[in-house]
Amino acid sequence: ACNITFGTNNEFGFDYLRDNMATSMKDLVQRKHHFAIVDEVDSVLIDDARTPLIISGPVPKGEDQQFMEYKPLVERLYSNQKTLVNQLLNEAKKLIAEGNEKDGGVLLFRAYKGYPKYKPLIKFLSEPGMKQLLQKVENYYIQDNEREMPFITDELFFVINEKQHSVDMTDKGRDLITGNLEDTNFFVLPDVGAAVAEVQKNLELTAEEKQVRKDEILADFALKSERVHTVNQLLKAYTMFDKEIDYIIQDGKIKIVDEQTGRIMEGRRWSDGLHQAVEAKENVKVEAATQTFATITLQNYFRMYHKLAGMTGTAETEAGEFWSIYKLDVVVIPTNRPIARIDNNDLIYKTKKAKFDAVINKVVELTKEGRPVLVGTTDVETSELLSRMLRLRGIQHQVLNAKQHAREAEVVKHAGEPSTVTIATNMAGRGTDIKLPDEVKNAGGLAIIGTERHDSRRVDRQLRGRSGRQGDPGSSIFYISLEDKLMRLFGGEKLAGIVDRLGLEENEALEAAMLNKTVENAQKKVEENNFGI
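All values reported here derive from a predicted model rather than from experimental measurement.

A look at empty space enclosed by the protein
Alright, step 1. Applying the stated rule across the entire model yields 4 cavities of 30 Å³ or more.
Alright, step 2. Each pocket or cavity is described by its volume, and for the largest cavity that value is around 90 Å³.
Alright, step 3. Contributing to the lining of the largest cavity are 12 residues, with Thr377, Asn426, Val459, Asp460 and Leu463 lying nearest its centre.
Alright, step 4. Looking at the lining of the largest cavity, the elements with two or more residues in it are strand 13 (373-377) and helix 18 (457-464).
Alright, step 5. Looking at the lining of the largest cavity residue by residue, the classes come out as 5 nonpolar, 5 polar and 2 charged.

What follows is the structure, given as structure tokens:
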């Protein structure tokens, strides 16, 4: 028997499998796939289905890597882009303030294409009319298959597409890299086919000499393509992966954080050199490269079973996807006791600062009532920010994130006691019941505060579901800002328009059932995007 764990976009060090991989059909020893019953079935079959299971192993000369060699070049490229985006944003602000929205909008859009996660840019886009101006300029440049887009992107060193999680270097960026190298053709890969054909036609060479030349051509191509790949992966590590959000550093190693559960994914590594690129970025030991021996998607693996079933508390929203991919029906089982939890409408703020201030004020108010509070966050960075804010207010609390995973059971055990405050990164899969004493039930039960809507509606439901179990009283509410990632990428325009029309002040909040629907539609867009992948 071999214990297999499933995860997201990783390499798996299955030493047993790697050392015992069959080389012919008669050597296969795995039994037929009769039936499978899957716990947290939506997490396994839907969330983890986008990326493959990989059996990886060592590669010859795996230590011989170039990440540290090219890191300074990529760092300089990244730094130059941030400086450029800052200049573009300042110039855009100046032009827009002078009433020149046409030219200002173009510079604003160029800054957005260059670094959409730049915090001053995100803050400026939350101001009245700015989101609509950006959308108007973007609509112009994406028409006619983005024919005019080079006018925007050619001035940048690289272009980021946050929705597609991709980054592409421009000619200007390549020139910056090659300007610091002796090889000016660094990004020009040789035409292997033409070079080999030329060798074949050379009648003066013997068969052995031709083979030597071919080997040299292939080796040259492998070296150059590896160099380009290394630079591209380093650039992706700097622009798309953030410490305390996508990963943490622990014991001198890069540990991936599961976006669904907030737990560390022990023993998992990003594939294709990406993990090594992040290691180089963070100045930790760059581990040896690996190669893929075998791969299968979770969808194809589970479709090998004759009978497939599973259980979860949050499958209803994905019923269509379960049927489309796996031909599985979703059956909703009624709760044992009627739900007494009160689910309040979302509160929507303009900025993250205003949102977090409101969250802290709400926590203080609830603890004075003697109610325990569970604050849900989507990443480690936010949980530690809220922890600092609570300390400044003198509020005792516990933090449960990827760094304190070992204390999970102990923290959850006390989370239902009067006036206890617990900050947790994603409660999906943390199935421990939060027990409530009678005095807490009389005070109103466990209060759930979500500090951001997750990409998946199911993860939000997992958080709500910590309260109101077995008919207990309780409440839940989500605090949202227009600067949140979900709102920026998939739902900000409509909400931003409503906020602008109402003239909302920074510390005021919007609350309406209609707006909840708008937020849910943004989540549906993300889920549809993932389904497409």
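Observations concerning the environment of Gly267
Alright, step 1. Note that Gly267 resides in the loop between strand 7 (253-256) and strand 8 (268-269).
Alright, step 2. Note: C-alpha distance between Gly267 and Pro473 (206 residues apart in sequence) is 40 Å.

Thoughts on the confidence of the model for the protein chain
Alright, step 1. Here the protein chain shows a mean pLDDT of 85. Residues at 70 or above account for 92%.
Alright, step 2. Throughout residues 1-18 the model reports pLDDT below 50, and contacts reaching past four residues in sequence, or to other chains, amount to 59 contacts.

Some thoughts on the pattern of salt bridges
Charged atoms that come close allow side chains of opposite charge to pair.
Alright, step 1. Throughout the structure, instances matching the rule amount to 24 salt bridges.
Alright, step 2. Put simply, Lys26 and Asp27 hold a salt bridge, and the shortest N to O gap is 3.7 Å.
Alright, step 3. Lys26 gets classed as exposed once you look at its relative accessible area, which sits at 75%.
Alright, step 4. Two residues, Lys355 and Asp484, come together in a salt bridge whose shortest N-O distance is 2.8 Å. Remark: Asp484 occurs in the loop between strand 17 (473-481) and helix 19 (485-502) and Lys355 occurs in helix 14 (residues 352-368); sequence separation between them is 129 residues. As far as burial versus exposure is concerned, Lys355 and Asp484 are alike and both buried.

Section: the pairing of strand 6 (residues 247-250)
Alright, step 1. Summarising the sheet, strand 6 and strand 7 pair through 4 bridges and their orientation is antiparallel. The residue of strand 7 that forms the bridge with Tyr247 is Ile256.
Alright, step 2. From the end of strand 6 to the start of strand 7, which pair antiparallel, there are 2 residues, and Asp251 there has a positive phi angle of about 55°.

Describing the nonpolar core
Alright, step 1. Ranked by size, the top nonpolar core spans 78 residues in total, and within it Leu77, Leu108, Phe109, Phe158, Trp270 and Ile348 carry the most contacts.
Alright, step 2. Looking at this core element by element, the count peaks at 13 residues for helix 3 (residues 67-97).
Alright, step 3. Residues within four places of Ile348 in sequence aside, it is in contact with Ile480, Leu482, Leu495, Leu504, Glu508, Ala509, Leu510, Leu515 and Val519.
Alright, step 4. Membership of the second largest hydrophobic core comes to 23 residues, among which are Ala354, Leu386, Ile395 and Ile477.

Digging into the packing of helix 9 (residues 192-201) against helix 10 (residues 207-240)
Alright, step 1. It is at 10 Å that the axes of helix 9 and helix 10 come closest, and there the two elements cross at 165°. Judged on the interaxial angle alone, helix 10 and helix 9 are roughly antiparallel. Relative to helix 10, helix 9 is oriented so that their crossing is right-handed. Contacts between helix 9 and helix 10 involve Val192, Ala195, Val196, Val199 and Gln200 from the former and Lys210, Arg213, Lys214, Ile217, Leu218 and Phe221 from the latter.
Alright, step 2. Its residues assigned to classes, the contact of helix 9 with helix 10 shows 7 nonpolar, 1 polar and 3 charged.

Considerations on the packing of aromatic side chains
Alright, step 1. Under the counting rule described, the total for this entry stands at 15 aromatic pairs.
Alright, step 2. With a centroid separation of 6.0 Å and an interplanar angle of 80°, the aromatic rings of Tyr78 and Tyr115 are classed as edge-to-face. With Tyr78 in helix 3 and Tyr115 in the loop between helix 4 (101-114) and helix 5 (119-125), the pair connects residues that are 37 residues apart, well separated along the chain.
Alright, step 3. Overall, the relative accessible area of 10% leaves Tyr115 in the buried class.
Alright, step 4. Note on Tyr140 and Tyr141: the rings are 4.9 Å apart at their centroids and 90° apart in plane angle, and the pair reads as edge-to-face.
Alright, step 5. Cation over ring: Lys327 sits above Trp323, and NZ or CZ is 5.8 Å from the ring centre.
Alright, step 6. For Arg453, the ring lying beneath its charged end belongs to Phe478, and the centroid distance is 4.5 Å.

Examining the side chain of Glu282
Alright, step 1. Looking at where Glu282 falls in the secondary structure, it is placed in the loop between helix 11 (274-281) and strand 9 (290-297).
Alright, step 2. Buried Glu282, no salt bridge; nearest opposite-charge side chain is Lys281, N-O distance 4.1 Å.
Alright, step 3. Polar side-chain contacts of Glu282 include one of 2.4 Å to the side chain of Tyr247.
Alright, step 4. Those residues in contact with Glu282 that lie beyond four places of it in its chain are Lys243, Tyr247, Ile249 and Ile254.

Comments concerning the packing of helix 4 against helix 6 (residues 130-146)
Alright, step 1. Remark: helix 4 packs on helix 6, axes separated minimally by 9 Å, with the N-to-C direction vectors making an angle of 80°. Viewed along their axes, helix 4 and helix 6 adopt a mutual orientation that is roughly perpendicular. Mapping the contact onto sequence places Glu101, Gly105, Val106, Leu108, Phe109 and Tyr112 in helix 4 and Met130, Leu133, Leu134, Val137, Glu138 and Tyr141 in helix 6.
Alright, step 2. Looking at the contact of helix 4 with helix 6, its residues break down into 9 nonpolar, 1 polar and 2 charged.

What counts and what doesn't
- Residues numbered from 1 in each chain as written.
- Predicted model: local features only at pLDDT ≥ 70, side-chain atom pairs only at ≥ 80, totals over all residues.
- Heavy atoms only, no water.
- 1 Å grid on protein atoms, 1.4 Å probe; cavity = no way out; pocket = protein on both sides within 12 Å on 5 of 7 lines; lining within 4 Å.
- Points joined across faces, edges and corners; volume = space filled by probe spheres on them.
- Helix = DSSP H or I, 4+ residues; strand = E, 2+ residues; numbered from the N terminus.
- Nonpolar A, V, L, I, M, F, W, Y, C, P; charged D, E, K, R; others polar.
- pLDDT = per-residue confidence, 0-100.
- Contact = heavy atoms within 4.5 Å.
- Salt bridge = Lys/Arg side-chain N within 4 Å of Asp/Glu carboxyl O.
- Buried < 20%, exposed > 50% of the residue type's maximum accessible area, 1.4 Å probe, protein only.
- Pairing = 2+ DSSP bridges.
- Core = buried A, V, L, I, M, F, W, Y, C linked by side-chain atoms within 4.5 Å.
- Axes fitted to C-alpha atoms, helices over the stretch in contact; angles between N-to-C directions.
- Parallel < 35°, antiparallel > 145°, perpendicular 65-115°, else oblique.
- Left-handed = near helix turned anticlockwise from the far one by under 90°.
- Phe/Tyr/Trp six-rings, centres within 6.5 Å; stacked < 30°, edge-to-face > 60°.
- Lys NZ or Arg CZ within 6 Å of the ring centre and 35° of its normal.
- Lys, Arg positive; Asp, Glu negative; His and termini not counted.
- Polar contact = N/O pair within 3.5 Å; in protein donor to acceptor, adjacent residues only side chain to side chain.

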